[in-house]
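Each chain, written out:
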Amino acid sequence: MDKLLYDLRYAVRTLAQTPGVACTVILTLGLGLGLVAAVFTIFNAYIFRADEVRDPHELFAVRRQPTATAEAEPFTQDAYDALLRETEIFTDAIALGPQIDRWIDGQRMEGPLVTGNFFQVLGVSAALGRTFTAADDLAGNRVLVLGQRAWQRYFAGDPGIIGRTVRVNEMTFDVLGVMPAGFRGLGIDPPDFWMPLALAGDLGRGADGALPVDIVGRLRPGMSHGEALARLDAWDLRRSAETTGARPAASLVIEPRQGKVPLSVDTMLTFLPLFFAFGLILLIGCANVANLLFARGVARQREIGIRFAIGASRRRIVRQLLTESLVLALAAAAFGFGVSRLVLASVVNYVTSAMTGLGDIRLALMPADWRVVLFLVAAAIASTLCFALVPALRATRVELAQAMHGAVTHDVRPGRARNMLIALQVTGSVLLLICAAIFLRSSWRAASNDPGVRIADTVFLGIGNEQARDSILDAVRADPEVAALAAMSPAALRALAGTAAGKSAATYRWVSPEYFDILGVAVMRGRLFTPDERGAPVAVVSERMAQALWPGRDPLGQELRLEPDPNEAEGAPVAPAQMPRFTGAAVVIGVARDVAGFRVGGATLLAGPDVYLQATTETAGTSLALRVRGDPAIVVRGLRERLATIDPAIGEIVPLQELARMEATLLEIPFWLTLALGALALVLTLSGLFSVLTYLVAQRTREIGVRIALGATRYRISALALAQSIRPVGIGLLLGGGLAAALGALLLATPAAELIGQTVRLFDPLAYGASLLLVIAACAGASLVPALRAGQVDPVTALRRD
Amino acid sequence: MNETNRSLIHLVDLKKVFFTDEVETHALSGVHFDIAQGDYVAIEGPSGSGKSTLLSILGMLDTPSGGRYLLNGEPVESLDNAQRAHIRNREIGFIFQAFNLIGDLTVFENVELPLTYRSGISKQERKERVHEALERVRMAHRIRHYPAQLSGGQQQRVAVARALVGKPSILLADEPTGNLDSKNGEAVMGLLSELHSGGATICMVTHDPRYSAYADCSIHMFDGRIVDEETLNRLREEEDRRIADHARGGRTA
Ligand SMILES: Nc1ncnc2c1ncn2[C@@H]1O[C@H](COP(=O)(O)OP(=O)(O)O)[C@@H](O)[C@H]1O
Ligand SMILES: [Mg+2]
């Protein structure tokens, strides 16, 4: 203990003597630690941190397991009532109803319907005002509780909001309270509001007790998991027999529900690359620091030799050196904590304000807790071992006699450790920059992709509620900003297309005749639907389809039979159930240009279809495509507000442009991320390269003087200094490029290969070439200054020095 | 002395002034002298008298502030850096007090170094010449060693081999025995004498009169000037007295 104190005091004093070194280490390491801590904070917030409720470990959700063929069937409100009444496994339980979105005082907000006991059972009270009581729910009061984030963001944190009424679409609600910041409502991201479940009917969600809900309860004290499950199963059997007369389709499970993401392979796969990428910066920082310590170790050989001479053991000296490094690392961790908060705040700010193309992203600044602090300390210790152990061992490998004479031992290959570190840094930079370049190129490609449809002034409008279709149509038609409108099935439907030659899979889409004009899909041959043909068995086919079905023949007038595709279930987007399906024969009247469509997050929108069938704006299940006047973004905002008063559950209204840009925008996120990390890595690498070379040149001034005396030209000397960096940089370039390619190959070996391949160009030669060139140029630049300085060494002074 | 065309080195009124922090140091103030082919010249003088500065200029590591320097009858003041490097490499062989072998190169590589700055020598020829030079200093058995593995005397012998290997016109040695004990010092001096008898031209700086006896002739320097031996002794005594006076004055004050 005494020794530790002595070591600590001595360490602090030594560091204070070289504040420049100390600051450099703290900054470099703090940056790396901060970045890793930022990732960990997110990881922690979603995976480790239970929601801020009373005794979260007592909370369990009841869920039915999915069967092999069907999704898990949700509980109904009736089932919740029955479970509460008929079992005693929970002291109390809540029902979490569906998430709804509403316009509240002109802002789009999202939140769940919950039972009146929701807040009591969770044991949280409002930060401001009050939460629901059972009475609020029973009476169906039009009241709501706001989340902290929504209150801050949409009401500017105005305390006067309590007791005020707000407009929720066409209704008015009283604001009862605001929840504290840490409360997430047992979810991952905090909702904007909570409303009583009893309002489901008023809010257009049906009030017949069939409303799907999640059941979460507090397990009775002393009740074991197994016993609870057994009782639950018994109850389930009984109830099934009573209600349907059949056995339940699948068994029930109870699982902890603490408002966090379970740690699974999937979540690890999401976080591992992040930890890896951010960890690279830490690693590169560690390499810089290790290099610095190598240099310092050489400078301190005399001191170390004296310590040996007065009888210190090597262990003791190594421990002293490590203590110094640990002090630095802990200071860096403290600085890193600040960095992590700053990074998270800017990322949250960037994602919520700059990425408007992705809608209103509900992201709150993740809180830091003791786990983050613990993580930082552990990371600091780990990095100390990473950056300080080898230099400390190396520095204490002194030959005593020589150290006392002040002679510097030259290792047989003194630069090897340093070269390795530089190579490692270059590898990391190259890897990150190649990733950035690949994302950028992929983003460009996605942005420049020609979807084959007119997007500039087109807006999609989904009709969520068929009852409101007529009034929505009237409102849209009357809207001065809407120039024209067409109906279309929101997704292409799958069918088997049969001709005399055989059957093949095909997609078809219901469209009204205006569709072709609004989306700019040209008709290459034949003609379009005419309004009076409504219901007639006529079809327009795509060029590709015509070519495939009737190669070399005239498709016009051919007969096409469509039948249900038995494999439809496995296919991608499932069309709404109310969408009419077509079975029968149709005569081809026209051939339309192929539509490439565009990709959004793995799905292709608007691509194909092979066959168009005629619909009208009245056809149930169809969405609308609008041609608008003026900036679609502004038009959409107006439309949303106007239409929300007609149909509170109005579906998505999006400018097609936004959808088309989505993929590019999505790809921009990893691009900026890897670019920022890559740039950081490169800057660290360059500063490392620069200081190592500067150090080498300084350390070898005498050698340079000798070489000049022996007839080396300045050019030769500079070239020699420059050559010092060629090897490690070259190795780093090869390793980085190779690693990127290996990662790419690895990704292509996963099941997601096809999706990844369509989204990013993993082996884009331009991305590789440009990143490698950039790194080469930057390294050459960083090496040039010390190299030129080496060429300017004055031999007389260099040789005079002792 | 006026046979300018026959002398290897011809210095006329050579001056060197250093400017540091607004202080002018006249390290050389008008040096005249010649070295002919085959000479073995010792330069003697107290510390700070300009011996090393003179040697640096002779070796073209430094440029004079004034005067003329003819090497092989050619003026060298106007040469550019690359040409000076070329002449250093071909015509000059340096031997330093601190040996100045490069720590991470082997004995062989150290000796080979001057040849690597020359174009048109094959690897084979380099190897032969390195061996030949190392034979001459009797260090051929240590070619794979690193300098740290050699004694001081051995290191200096390797350094002599490095100076020899390029077959320079002149060897410039700045206190070559300064870091050696007397036994090793004698050995190196013996080696230089041997080389001189073999025809080498040597210019050596020393402050040890014992070693200047090895040379054909000695030049005495004082305060940046060449003086004869008596003058040097007189000046030395004067200076000693001045210092003593100063010390006494300082004590009584
Ligand atoms: N680079 C330099 N800058 C300033 N003064 C110098 C420099 N080199 C030598 N001197 C000065 O020039 C004088 C002669 O130095 P030097 O030639 O090294 O003497 P010696 O080798 O005879 O001991 C000394 O006063 C020394 O301080
Ligand atoms: Mg000297």
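Residues numbered from 1 in each chain as written. Chains lettered and ligands numbered in written order. Predicted model: local features only at pLDDT ≥ 70, side-chain atom pairs only at ≥ 80, totals over all residues. Heavy atoms only, no water.

A. Representation of the overall build of chain B in the model. A count of helices and strands for chain B gives eight helices and ten strands. For a compact globule of 253 residues, the expected C-alpha radius of gyration is about 18 Å, and chain B comes in at 19 Å, within 12% of that figure. Seen through its C-alpha atoms, chain B measures out along the principal axes to roughly 70 × 40 × 40 Å. Residues classed as buried in chain B amount to 51% of the 253 residues present. Of the accessible surface of chain B, which amounts to about 12200 Å², a share of 47% is contributed by carbon and sulfur atoms. Taken together, the 29 basic and 36 acidic charged side chains of chain B have centroids lying 5 Å from each other. (Helix = DSSP H or I, 4+ residues; strand = E, 2+ residues; numbered from the N terminus. Rg over C-alpha atoms; globule rule 2.2 N^0.38 Å. Buried < 20%, exposed > 50% of the residue type's maximum accessible area, 1.4 Å probe, protein only. Areas by Shrake-Rupley, 256 points an atom, 1.4 Å probe, with all protein chains shown as cover. Lys, Arg positive; Asp, Glu negative; His and termini not counted. Charge placed at Lys NZ, Arg CZ, Asp CG, Glu CD.)

B. Representation of the sheet that holds strand β9 (residues 217-222) of chain B within the structure. Residues and elements named next belong to chain B. Taking strand neighbours across the sheet as the criterion, the six strands line up as β6-β7-β8-β3-β9-β10 in an open arrangement whose pairing is mixed. One side of each edge strand has no neighbouring strand; the edge strands of this open sheet are β6 (92-95) and β10 (225-227). Averaged over all neighbouring strand pairs, the angle between strand axes comes to 25°, with direction disregarded. Strands in contact with helix α1 (residues 51-58) are β3 (40-44), β6, β7 (170-174), β8 (202-205) and β9; relative to β7, the strand with the most contacts, it is inclined by about 155°. Seen against the sheet, helix α2 (residues 81-91) touches β6 and β7 and runs at an angle of roughly 75° to β6. (Pairing = 2+ DSSP bridges. Axes fitted to C-alpha atoms, helices over the stretch in contact; angles between N-to-C directions. Contact = heavy atoms within 4.5 Å.)

C. Molecular detail of the confidence of the model for chain B. Residues and elements named next belong to chain B. For chain B, the average pLDDT comes to 89, and 96% of its residues sit at 70 or higher. Note that residues 1-5 has pLDDT below 50 and, in this model, three contacts with residues that lie over four places away or in other chains. We note a pTM of 0.77 for the whole complex and an ipTM of 0.89 for its interfaces. (pLDDT = per-residue confidence, 0-100.)

D. Structural view of the pairing of strand β2 (residues 23-36) of chain B. Residue and element names in this part refer to chain B. Alignment of strand β1 (residues 7-20) against β2, held across eleven bridges, turns out to be antiparallel. For Leu 14, the partnering residue across the bridge sits in β2 and is Val 31. Two successive antiparallel strands, β1 and β2, enclose a turn made up of two residues, where Asp 21 displays a positive phi of approximately 45°.

E. Focus on the pairing of strand β7 (residues 165-168) of chain A. Residues and elements named next belong to chain A. Burial along β7 is one-sided: the residues Val 166 and Val 168 are buried and none of Thr 165 and Arg 167 is. Here β7 runs beside strand β8 (residues 171-178); their pairing, made up of four bridges, is antiparallel. Paired with Arg 167 across the bridge in β8 is Thr 172. In sequence, β7 turns back onto β8 through a hairpin of two residues, with Asn 169 there showing a positive phi of about 50°.

F. Seen up close, the site of ligand 1. Neighbouring ligand 1 are 13 residues, the closest being Arg 800 of chain A together with Gly 48, Lys 51, Ser 52 and Thr 53 of chain B. Looking at what sits near ligand 1, you find residues from chains A and B. Within the backbone of Lys 51 of chain B, an N or O atom sits 2.9 Å from an oxygen atom of ligand 1. A distance of 2.5 Å separates an oxygen atom of ligand 1 from a polar atom in the side chain of Thr 53 of chain B. In isolation ligand 1 offers 550 Å² of accessible surface; the protein chains occlude 75% of this area. Ranked by residues supplied to the shell around ligand 1, first place goes to α1 of chain B with three residues. Its residues assigned to classes, the shell around ligand 1 comprises three nonpolar, eight polar and two charged. (Near = heavy atom within 4 Å. Polar contact = N/O pair within 3.5 Å; in protein donor to acceptor, adjacent residues only side chain to side chain. Nonpolar A, V, L, I, M, F, W, Y, C, P; charged D, E, K, R; others polar.)

G. Quick look at the confidence of the model for chain A. Residues and elements named next belong to chain A. The pLDDT averaged across chain A works out to 84; a share of 93% of its residues lies at or above 70. Every residue in residues 403-413 scores below 50 in pLDDT, and together they form 25 contacts with partners more than four places removed in sequence or on other chains. Note that residues 569-575 has pLDDT below 50 and, in this model, six contacts with residues that lie over four places away or in other chains.

H. Broad picture of the packing of helix α18 (residues 656-699) of chain A against helix α20 (residues 714-748) of chain A. Residue and element names in this part refer to chain A. Remark: α18 packs on α20, axes separated minimally by 10 Å, with the N-to-C direction vectors making an angle of 140°. The pairing of α18 with α20 is recorded here as oblique in orientation. Along this stretch, α18 crosses α20, giving a crossing that reads as right-handed. Counting all contacts with α18, which are made through Leu 689, Leu 693, Leu 696 and Val 697, the residues of α20 involved are Ala 721, Gln 724, Ser 725 and Val 729. Looking at side-chain class alone, the contact of α18 with α20 contains six nonpolar, two polar and no charged residues. (Parallel < 35°, antiparallel > 145°, perpendicular 65-115°, else oblique. Left-handed = near helix turned anticlockwise from the far one by under 90°.)

I. Summary view of the packing of aromatic side chains. Scanning the model with the defined rule gives 23 aromatic pairs over all chains in all. Seen from their ring centres, Phe 43 of chain A and Phe 271 of chain A are 4.8 Å apart, and the 80° between their planes marks the pair as edge-to-face. Of this pair, Phe 43 of chain A sits in helix α2 (residues 19-48) while Phe 271 of chain A is found in helix α8 (residues 265-299), placing the two residues 228 residues apart along the sequence. This pair shows no difference in class: Phe 43 of chain A is buried, exactly as Phe 271 of chain A is. Aromatic pair Phe 119 of chain A and Phe 183 of chain A: ring centres 6.0 Å apart, planes at 50°, arrangement tilted. With a gap of 64 residues between them, Phe 119 of chain A in helix α4 (residues 118-122) and Phe 183 of chain A in the loop between β8 and β9 (193-196) connect regions that are remote in the sequence. Ring pairing ties together the aromatic residues Phe 40, Phe 43, Phe 48, Phe 271, Phe 275 and Phe 375 of chain A, which thus form one cluster. Note that Arg 210 of chain B overlies the ring of Tyr 211 of chain B, its terminal NZ or CZ placed 5.1 Å from the centroid. (Phe/Tyr/Trp six-rings, centres within 6.5 Å; stacked < 30°, edge-to-face > 60°. Lys NZ or Arg CZ within 6 Å of the ring centre and 35° of its normal.)

J. Spotlight on the domain arrangement of chain A. Residue and element names in this part refer to chain A. Along its sequence, chain A is carved into domain 1 (2-41 + 270-446 + 663-800), domain 2 (56-256) and domain 3 (482-628). If you average the C-alpha positions of domain 1 and of domain 2, the two centres end up 50 Å apart. Listed per partner, the contact involves six residues of domain 1 and nine residues of domain 2. Interface area for domain 1 against domain 2, summed over the two sides, is near 600 Å², with a carbon-plus-sulfur share of 33%. Across the side of domain 1 that touches domain 2, the residue classes break down as three nonpolar, one polar and two charged. (Domains from an automatic or database assignment. Buried area = accessible area lost by both parts, 1.4 Å probe.)

K. View of the pattern of salt bridges. Applying the stated criterion across every chain yields a total of 32 salt bridges over all chains. In this structure, Asp 764 of chain A and Arg 441 of chain A form a salt bridge, with 2.6 Å as the shortest nitrogen-oxygen distance. Placement of Asp 764 of chain A in the loop between α21 (753-759) and α22 (765-791) and of Arg 441 of chain A in helix α13 (residues 416-448) is noted, with a sequence separation of 323 residues between them. Classification of Asp 764 of chain A as buried rests on a relative accessible area of 2%. Note that Arg 138 of chain B and Glu 194 of chain B form a salt bridge whose closest N and O atoms lie 3.5 Å from each other. Remark: Glu 194 of chain B occurs in helix α6 (residues 182-197) and Arg 138 of chain B occurs in the loop between α4 (123-136) and α5 (152-164); sequence separation between them is 56 residues. The partly exposed category is assigned to Arg 138 of chain B, whose relative accessible area is 47%. Among the ionic contacts, a cluster of salt bridges with common partners joins Arg 700, Glu 703 and Arg 707 of chain A together with Asp 104 of chain B. (Salt bridge = Lys/Arg side-chain N within 4 Å of Asp/Glu carboxyl O.)

L. Spotlight on the interface of chain B and chain A. Every contact between the two is made by 24 residues of chain B and, on the other side, 23 residues of chain A. For the chain B face of the interface with chain A, the top three residues by lost area are Leu 61, Asp 104 and Tyr 117 of chain B, together amounting to 31%. Scanning the region where chain B abuts chain A turns up one salt bridge. Asp 104 of chain B is the salt-bridge partner of Arg 700 of chain A, the closest N and O atoms lying 3.2 Å from each other. Connecting chain B to chain A are six residue pairs in polar contact (both at pLDDT 80 or more). Only α1, α2 and α3 (107-116) of chain B provide two or more residues apiece to the side of chain B that touches chain A. For the side of chain B that touches chain A, the element with the most residues is α2 of chain B, which contributes five residues. Here the residues of the side of chain B that touches chain A are counted per class, giving 13 nonpolar, seven polar and four charged.

M. Region of the structure containing the environment of Ile 188 of chain A. Residue and element names in this part refer to chain A. Note on placement: Ile 188 falls in the loop between β8 and β9. On the accessibility criterion, Ile 188 (29% relative accessible area) is partly exposed. Note: C-alpha distance between Ile 188 and Tyr 46 (142 residues apart in sequence) is 6.4 Å. Dropping the residues within four chain positions of it, Ile 188 is found in contact with Tyr 46, Gly 259, Lys 260 and Val 261.

N. Fine view of a nonpolar patch on the surface. Residue and element names in this part refer to chain A. On the surface, a cluster of nonpolar side chains totalling about 460 Å² of accessible area is made up of Leu 330, Phe 337, Val 373, Val 377, Ile 381 and Leu 385. Elements represented by at least two residues in the nonpolar patch include exactly α10 (314-353) and α11 (370-395). Within the secondary structure, Leu 330 sits in helix α10. (Patch = residues over 30% accessible without salt bridge, like charges linked within 9 Å, V, L, I, M, F, W, Y side chains within 5 Å.)

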